[in-house]
Amino acid sequence: QRHQRGPVPDIHHDDRDPRRQRAIQGTPDRVAEQLLSLADAHAAQELMVICITPEYETRLRSYELLADVLLPQAAAAATQTSTAA
């Protein structure tokens, strides 16, 4: 039997849902801070982000907001690495 796809789960309104404890959410700056902290804790050199929203436009905007915060930081880190070498 194949898995039936259902609606996107709404974890934002159910504090009992264990997925909410793993979710990173908030302002762009707060999300970036949490992602970078997670990456540091696991010595990760890259991150993969999935925004779970039912509307494409909302998902795209989430990625844009995150890129606005993280890309300048990544560029600065790359510049520091290249000048240190």
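Residues numbered from 1 in each chain as written. Predicted model: local features only at pLDDT ≥ 70, side-chain atom pairs only at ≥ 80, totals over all residues. Heavy atoms only, no water.

1. Let's talk about the environment of A67
Right, on to step 1. In this fold, A67 is placed in helix 3 (residues 56-84).
Right, on to step 2. Since its relative accessible area comes to 30%, A67 is described here as partly exposed.
Right, on to step 3. Put simply, A67 and A32 are 35 residues apart on the chain and 9.2 Å apart in space, counted from C-alpha to C-alpha. (Helix = DSSP H or I, 4+ residues; strand = E, 2+ residues; numbered from the N terminus. Buried < 20%, exposed > 50% of the residue type's maximum accessible area, 1.4 Å probe, protein only.)

2. Concerning the pattern of salt bridges
Right, on to step 1. Following the criterion strictly, the structure yields two salt bridges and no others.
Right, on to step 2. The residue R30 makes a salt bridge to E33 at a minimum N-O spacing of 2.7 Å. Taken together, the residues span about one helical turn, with R30 and E33 both in helix 2 (residues 28-41) at a distance of three residues.
Right, on to step 3. On the accessibility criterion, R30 (40% relative accessible area) is partly exposed.
Right, on to step 4. With its nearest N and O atoms 3.5 Å apart, the salt bridge here joins R61 to E64. (Salt bridge = Lys/Arg side-chain N within 4 Å of Asp/Glu carboxyl O.)

3. Details of the environment of L66
Right, on to step 1. For L66, the location among the structural elements is in helix 3.
Right, on to step 2. By relative accessible area, L66 is classed as buried at 10%.
Right, on to step 3. Residues L66 and A32, 34 residues apart in the sequence, show an inter-C-alpha distance of 6.8 Å.
Right, on to step 4. Not counting residues within four places of it along the chain, the set of residues in contact with L66 comprises P28, V31, A32, L35 and V49. (Contact = heavy atoms within 4.5 Å.)

4. Some details on the nonpolar core
Right, on to step 1. Core analysis: the largest hydrophobic core is formed by six residues, namely V31, A32, L35, L66, V69 and L70.
Right, on to step 2. Listed by contribution, the elements that provide at least two residues to this core are helix 2 and helix 3.
Right, on to step 3. Those residues within four positions of V31 in sequence are excluded, and the remaining contacts are I24, Q25, G26 and L66. (Core = buried A, V, L, I, M, F, W, Y, C linked by side-chain atoms within 4.5 Å.)

5. Brief notes about the packing of helix 2 against helix 3
Right, on to step 1. In the contact formed by helix 2 and helix 3, the axes pass within 9 Å of each other and the chain directions differ by 55 degrees. One element, helix 2, and the other, helix 3, form an angle in the oblique class. Where helix 2 crosses over helix 3, the handedness of that crossing is right-handed. Contacts between helix 2 and helix 3 involve P28, D29, V31, A32, L35 and L36 from the former and L65, L66, V69, L70 and Q73 from the latter.
Right, on to step 2. Considered class by class, the residues forming the contact of helix 2 with helix 3 number nine nonpolar, one polar and one charged. (Axes fitted to C-alpha atoms, helices over the stretch in contact; angles between N-to-C directions. Parallel < 35°, antiparallel > 145°, perpendicular 65-115°, else oblique. Left-handed = near helix turned anticlockwise from the far one by under 90°. Nonpolar A, V, L, I, M, F, W, Y, C, P; charged D, E, K, R; others polar.)

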